[in-house]
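Below are the chains, spelled out letter by letter.
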Amino acid sequence: ETEFPDVVFIYMTCNAQATGTTGYNRYLRNEQIRQYCSANNKVLFDFADLDSWWFNPTTEEWELATYDYSGNSIPVEHTHFNGDEAGHTTYESCEQKGKAVWWIMAKLAGWPGVGVEDNLKAPQVFILSQNFPNPFNFFTSIRYTLYQKCSVELTIYDISGQSVRTLYSGEKQKGIYTTIWDRTDERGELVTSGVYFCQLKGPNDIKETRKMLILYNIQ
């Protein structure tokens, strides 16, 4: 930091996947990192915090997972993130951490965003996941999660902002949905290769958008 004074360094806590003595020691070290960042106005990516908190779509509440160590309640990775889909965790855990990274980078770049307190009070209506595969050739899968019954519209746009195709428009129950796009427009004709955007719009004009890339030469 002394050598590169114009660079913003991001500090990070360790994961919360350990229990027992090891987990307690890790918790204490993470607390030291948090206190140092707070006292010295440093940017912190709290990996351990993101491990232990999970938004329950059924209760629409955030849950903190903990374990007991000598009478102390110690945060630990939420059971919902226990798995090995991606290394030693789940894709959902990766997505949660990815959104946190995006938030940090956007704020450091000058984006005003919204206040954290306001954001926490706002109910989460849905999540639009990144399409897979991406880039793609003939087909791509688009997944989204609704945390409540609501009317939604799933639309594909080209890079100029023109609507290419509406994949769904109507009311759906709470749940996880997957839609396949076969790179055709409203007339059933194949679109050209290039950049496209998938947008999910919900009530009160809430929107989430994902960038997609079509490459016809994918083998």
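Reading guide: rules and limits
Residues numbered from 1 in each chain as written. Predicted model: local features only at pLDDT ≥ 70, side-chain atom pairs only at ≥ 80, totals over all residues. Heavy atoms only, no water. Pairing = 2+ DSSP bridges. Helix = DSSP H or I, 4+ residues; strand = E, 2+ residues; numbered from the N terminus. Axes fitted to C-alpha atoms, helices over the stretch in contact; angles between N-to-C directions. Expected span 1.5 Å × (residues − 1). Buried < 20%, exposed > 50% of the residue type's maximum accessible area, 1.4 Å probe, protein only. Contact = heavy atoms within 4.5 Å.

A. Local environment of the sheet that holds strand E9 (residues 150-158). Pairing in this open sheet of four strands is antiparallel, and the strands run E10-E9-E12-E13 from one edge to the other. The sheet terminates laterally at strand E10 (163-172) and strand E13 (207-214), the two strands that pair on one side only. For this sheet the average axis-to-axis angle between neighbouring strands, irrespective of direction, equals 15°. Judged from the eight bridges that link them, E9 and E10 form a sheet pairing that is antiparallel. Bridging from a neighbouring strand, Val152 pairs with Gly170 of E10.

B. Examining the sheet that holds strand E8 (residues 140-146) more closely. Pairing is antiparallel across the open sheet formed by three strands, whose spatial order is E7-E8-E11. For this open sheet the edge positions go to strand E7 (126-128) and strand E11 (175-181), each flanked by a neighbour on one side alone. Taken pair by pair, the neighbouring strands of this sheet meet at an average axis angle of 20°, ignoring direction.

C. Structural detail: helix H3 (residues 91-108). Its 18 residues place the ends of H3 26 Å apart at the C-alpha level, agreeing with the 26 Å of an ideal helix rising 1.5 Å per residue. Buried residues of H3: Ser93, Gln96, Lys97, Ala100, Ile104 and Ala106, and no others. Elements in contact with the buried residues of H3: strand E1 (10-12), strand E2 (43-45), helix H2 (47-52), strand E3 (53-56) and strand E4 (61-64). A positive phi of about 110° marks Gly110, the residue just after H3.

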